[in-house]
Amino acid sequence: HVLFCARNGDMWVGYGSDGFGYFHGDRYVPLSGKDGYVNRRIKAVAEDPTGRIWAATDDRELFEFIDGKLERRVARHQLPGGLIYAMQFGPEGEL
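Criteria and cut-off values
- Residues numbered from 1 in each chain as written.
- Predicted model: local features only at pLDDT ≥ 70, side-chain atom pairs only at ≥ 80, totals over all residues.
- Heavy atoms only, no water.
- Pairing = 2+ DSSP bridges.
- Helix = DSSP H or I, 4+ residues; strand = E, 2+ residues; numbered from the N terminus.
- Salt bridge = Lys/Arg side-chain N within 4 Å of Asp/Glu carboxyl O.
- Buried < 20%, exposed > 50% of the residue type's maximum accessible area, 1.4 Å probe, protein only.
- Phe/Tyr/Trp six-rings, centres within 6.5 Å; stacked < 30°, edge-to-face > 60°.
- Axes fitted to C-alpha atoms, helices over the stretch in contact; angles between N-to-C directions.

By the bridge criterion, five bridges tie strand 7 (residues 62–66) to strand 8 (residues 69–74) in an arrangement that is antiparallel. Residue F65 lies in a different strand from strand 8, and its bridge partner there is L70. In this structure, the hairpin formed by strand 7 and strand 8 is closed by a connection of two residues, where D67 is found at a positive phi of approximately 50°.

This is how it looks when you write it as structure tokens:
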């Protein structure tokens, strides 16, 4: 399970193999297939210096949340072995 609070106050939540979304104020916004989320376990969430949200999955893929959708940025074969359990961005946007 993952909890992450973005700078704008949104609380991102990843749970189980079929749950990912965020609280915006008192409203929960679940992500689904139409948003690019296809039932992957979210292992880590981070925010880059521009305020964009990134999520890493248990199958070693990296997604960026843009305009209300998750866009895959890195496929599993492009990452080194092992799972991602945490992410942090530096001030210049380096992961």
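After presenting the structure, the write-up continues.
Scanning all chains against the criterion turns up six salt bridges. Salt-bridge contacts for R72 lead to E61; the nearest nitrogen and oxygen are separated by 2.6 Å. With a gap of 11 residues between them, R72 in strand 8 and E61 in the loop between strand 6 (53–57) and strand 7 connect regions that are remote in the sequence. The partly exposed category is assigned to R72, whose relative accessible area is 47%. For E61, a relative accessible area of 1% corresponds to the buried category. Among the salt bridges present, the one from R73 reaches E64, with a minimum N-O distance of 2.8 Å. A relative accessible area of 40% places R73 in the partly exposed class. A residue is classified by how much of its surface remains accessible, and E64, at 6% relative accessible area, is buried.

Moving on, we get to unusual backbone geometry. Despite not being glycine, R60 shows a phi value in the positive range, around 60°. Along the chain, R60 falls in the loop between strand 6 and strand 7. Although it is not a glycine, D67 sits at a positive phi angle of roughly 50°. Relative to the helices and strands, D67 resides in the loop between strand 7 and strand 8.

Okay, the packing of aromatic side chains next. Two measures describe an aromatic ring pair: the distance that separates the ring centres and the angle between the ring planes. On inspection of all chains with the given rule, the structure shows seven aromatic pairs. Centroid distance F20 to Y37: 5.9 Å. Interplanar angle 45°. Geometry classified as tilted. One end of the pair, F20, is in strand 3 (residues 19–24); the other, Y37, is in the loop between strand 4 (27–30) and strand 5 (42–47), with 17 residues separating them in the sequence. Measuring from centroid to centroid gives 5.8 Å for Y22 and F65, while their planes differ by 70°, and the two rings are edge-to-face. Taken as a pair, Y22 in strand 3 and F65 in strand 7 lie far apart in primary sequence, 43 residues in all. The residues Y22 and F65 share a single accessibility class, namely buried. Put simply, the rings of W12, F20, Y22, Y37 and F65 touch in pairs and so form one group of aromatic residues.

Overall, antiparallel pairing links the four strands, which are arranged 1-2-3-4 in an open sheet. In the strand order of this sheet, the two ends are held by strand 1 (2–5) and strand 4, each with one partner. Strand-to-strand twist of the sheet, defined as the mean angle between neighbouring strand axes without regard to direction, takes the value 20°. As judged from the five bridges shared by strand 2 (residues 11–15) and strand 3, these two strands associate in the antiparallel manner. When the bridges of strand 3 are listed, M11 appears paired with F23.

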